[in-house]
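Descriptive structure summary
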Amino acid sequence: MDRQSNHSQELDSQEQLAQEYASRHQDYDGVRRSSKRSRGPGFGMGMLAGMSLMFLIVLLTMAGSQFLLNQDKKAAKEQSASEKETTKEVITEKGVEQKAGELADLIDQYYYEDIDKKSLVEGMYAGMVEGLDDPYSSYFSAEEYASFNESTTGIYYGIGTVLTQSMETKIVTILHVYPGTPAEEAGIRDGDVIVKVEDIEADSVELSELTSHIKGEEGTKVHLEVLRSGEKDTLGFDVERRQIEVPTVEYQMLEGNVGLIQITEFSTATPEQFDHAVKDLQGQGMASMIVDLRNNPGGVLQSVCTMLDEILPEGLLVYTEDKYGSRSDYKSDKNCMEIPMAVLINENSASASEIFAGAIKDYKYGTLIGTTTFGKGIVQSIIPLEDGSALKITMAKYFTPNGNYIHDKGIEPDIELEYEYQSQEDETYNPMHDNQVLKALEVLKGA
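Residues numbered from 1 in each chain as written. Predicted model: local features only at pLDDT ≥ 70, side-chain atom pairs only at ≥ 80, totals over all residues. Heavy atoms only, no water.

1. Digging into the sheet that holds strand β18 (residues 367-370)
Basically, it comes down to this: DSSP-based pairing: two strands are paired if at least 2 bridges between them are found. Secondary structure is summarised from DSSP: a helix means a run of H or I of at least four residues, a strand means a run of E of at least two, and numbering begins at the N terminus for each. Contacts between residues were defined by any pair of non-hydrogen atoms, one from each residue, lying within 4.5 Å. Where helices are involved, their axes are fitted lines through C-alpha atoms of the stretch in contact, as for all axes, and angles between N-to-C directions lie from 0 to 180°.
With respect to topology, 6 strands assemble into an open sheet ordered β12-β13-β14-β17-β18-β21, the strand pairing being mixed. Since the sheet does not close on itself, it has two edges, and those belong to β12 (249-254) and β21 (415-416), each with one partner. Two strands pair when backbone bridges link them, and β18 and β21 are joined in this way by 2 bridges, in the parallel orientation. If you follow isoleucine 369 over to β21, its bridge partner there is isoleucine 415. Contacts from helix α12 (residues 352-362) reach β14 (288-292), β17 (341-345) and β18, with the element oriented near 140° to β17.

In C-alpha cells:
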C-alpha cells in the first residue's frame, strides 16, 4: 500500500470490510496501523471513526528536534552516574547474559522451523523497551524507522493509494485513491481488489511486505492486477512511481462564507498545506472558519505550533516539562488571525490535536464543539542509533497555556454534541448533513 488514511469513499459493504480488518491498515507504504473506523466526516469520503494505539501515538516531536537537542542533553548531564550504571548493570549482569544464552540454545535445539536470527535479536531490543510498560515508547528496526520517517514527512515514492488487508483471507483492497496521483491517472479505483503486484500474489504476503514492492525508485513502474466489481476478468495496470505528498489538509467554503478546514494529522507538510487553504479561502471571502480535528491522532509538535502561531496572538502556545523539572516554552508572535472560529473535536482527537484545541480554548479564541478528546499529554522523541534503528521514548509532559495537564483526561468541548450524520442517502460525505458542522455554522452565525 501507499498509505493508510482517515478517509474512505467506500459504500456500506466496503466500509464493513474496512472496519472488520482495519487493524491490518498500513500507513505511507509502511508500518503504521489503525483500528476500526466507521462512516463519518471527510471531504468527498467517509471518515473511519476510530484508530488503534499506534495511530494515536503519532510523535509530537521528530528526530533532531530542538526539544531533543536541548532537553535530552540537559537531562543526561543532570542524571547521576550511579543511576545510569544501575540500569546498565541490570541489563549486562552475568545472570541475564547467561539466561539469554540458555534461551538461545533451547531455541536452536527445539524450535520446529529455521530461525531468522536477525529477527530474534531485533525482538530482544524491542522487548527491552516494552519492559518500560509505556505504550508510547518503542524500538524501531532500521526498516521500521525508515517507514516511520515517511509517515511524519508525508512524502514518499509510490502510487498514491490507501490499502487494507483482511486478517483472515489476506485479501488486499484499495480503500482510497488520492486525486492527482499516478494511481488515479492509471485508472485504479476505490474498491479495487489487488490480485498481484508484479509476480507476487497479494494474498500470499503481509501488507507491509506487499507495500515494499509497490514503493520504489521514482520514475520506475509497478504492474498491478486488480479485480473490480462488475468485471469478470482481472484488470492490469502499469503505474509509474512518483513522489507523493500526502494531503493532510482539505477545505471548502460553506454557506455564509464559512471556511471548513479538515486536518487529518500534523505532518511536517501540514503547515504549508494549512497556509494554502487559509489564503485560498480568504481569497474567496472567508468571514469565519471551522477547523475539523475529529479523528486526528496528532503528529509533529513544531507543525502544530507553527499553525497556532499563524492563528493566535503573542503568547505561550504550549510548554513541556521533563522529570528533572526542565521546561521548554513554545510561543507565538504578535501576528494573528482575527476571525470567528469553531473547532470540531472528538474522542479520537489526540496529541497535537489536543495542543491545538487546548490553546484555542485557553485563549478563548474559538468554540470547541463535539466530545471530550483522547487525553494524551506526554511527548515522545526519536533517538536515532548508528545502525539505522531508533528509540522512540517518552521524555516529557506537556501543558496547555493555562497550565492544564490533560493526560488521561482530555479536553472538554465548550458545546458537548455527539456526532450524527443526518442523511442516509449520500454515498459520500456531505458536511451539510453533519450535525456538528451545522452546530458550528449556527454558533458562527451568531458570533
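Next comes the rest of the account.
2. Quick look at the packing of aromatic side chains
Centre-to-centre distance and the angle between the planes together describe a pair of aromatic rings. The line we're drawing: Note on aromatic pairs: the rings of Phe, Tyr and Trp (six-membered ring only in Trp) are paired at centre separations within 6.5 Å, and the planes decide the class, stacked below 30 degrees, edge-to-face beyond 60, tilted for the rest. We count a charge as sitting over a ring when the NZ of a lysine or the CZ of an arginine lies within 6 Å of the ring centre and within 35 degrees of the ring normal.
Going through the model one piece at a time under the given rule, you end up with 7 aromatic pairs. Feature note: the residues Tyr319, Phe399 and Tyr405 constitute an aromatic cluster, connected by ring pairs. Positioned above the aromatic ring of tyrosine 319, the side-chain terminus of arginine 327 is 3.7 Å from the ring centre. Lying across the ring of tyrosine 136, lysine 376 places its NZ or CZ 4.9 Å from the centre.

3. Observations regarding the packing of helix α10 (residues 270-283) against helix α11 (residues 301-311)
Under the convention used in this document: Note that the term roughly parallel is reserved for angles under 35 degrees, roughly antiparallel for angles over 145, roughly perpendicular for angles of 65 to 115, and oblique for everything else. Working rule for handedness: look at the near helix, and if it is turned counterclockwise from the far one by less than a right angle, call the crossing left-handed; if clockwise, right-handed. Polarity classes work like this: nonpolar for Ala, Val, Leu, Ile, Met, Phe, Trp, Tyr, Cys and Pro, charged for Asp, Glu, Lys and Arg, and polar for all others, with Gly in that last group.
Where α10 meets α11, the axes come as close as 9 Å, and the angle between the chain directions of the two elements is 25°. One finds that α10 runs roughly parallel with respect to α11. With respect to the hand of their crossing, α10 and α11 are arranged in right-handed fashion. Here Thr270, Pro271, Phe274, Asp275 and Val278 of α10 lie close against α11, whose contacting residues are Ser303, Thr306, Met307, Glu310 and Ile311. Tallied by class, the residues present in the contact of α10 with α11 amount to 5 nonpolar, 3 polar and 2 charged.

4. Here we look at helix α13 (residues 435-445)
Here is the rule we go by: For each residue, the accessible area found with a 1.4 Å probe, counting protein chains only, is set against the maximum for its type, and the residue is called buried under 20%, exposed over 50%, and partly exposed in between. Each polar contact in these results corresponds to two N or O atoms within 3.5 Å; when the atoms are within protein, one needs to be able to donate a hydrogen and the other to accept it, and residues that are neighboring in sequence are counted only if both atoms are side-chain atoms.
Among all positions of α13, only Asn435, Gln436, Val437, Ala440, Leu441 and Leu444 are buried. The inward-facing, buried residues of α13 contact β12, β13 (258-263), β14, β17 and β18. The opening residue of α13 is aspartate 434, an N-cap whose side-chain oxygen sits 2.9 Å from the backbone nitrogen of glutamine 436.

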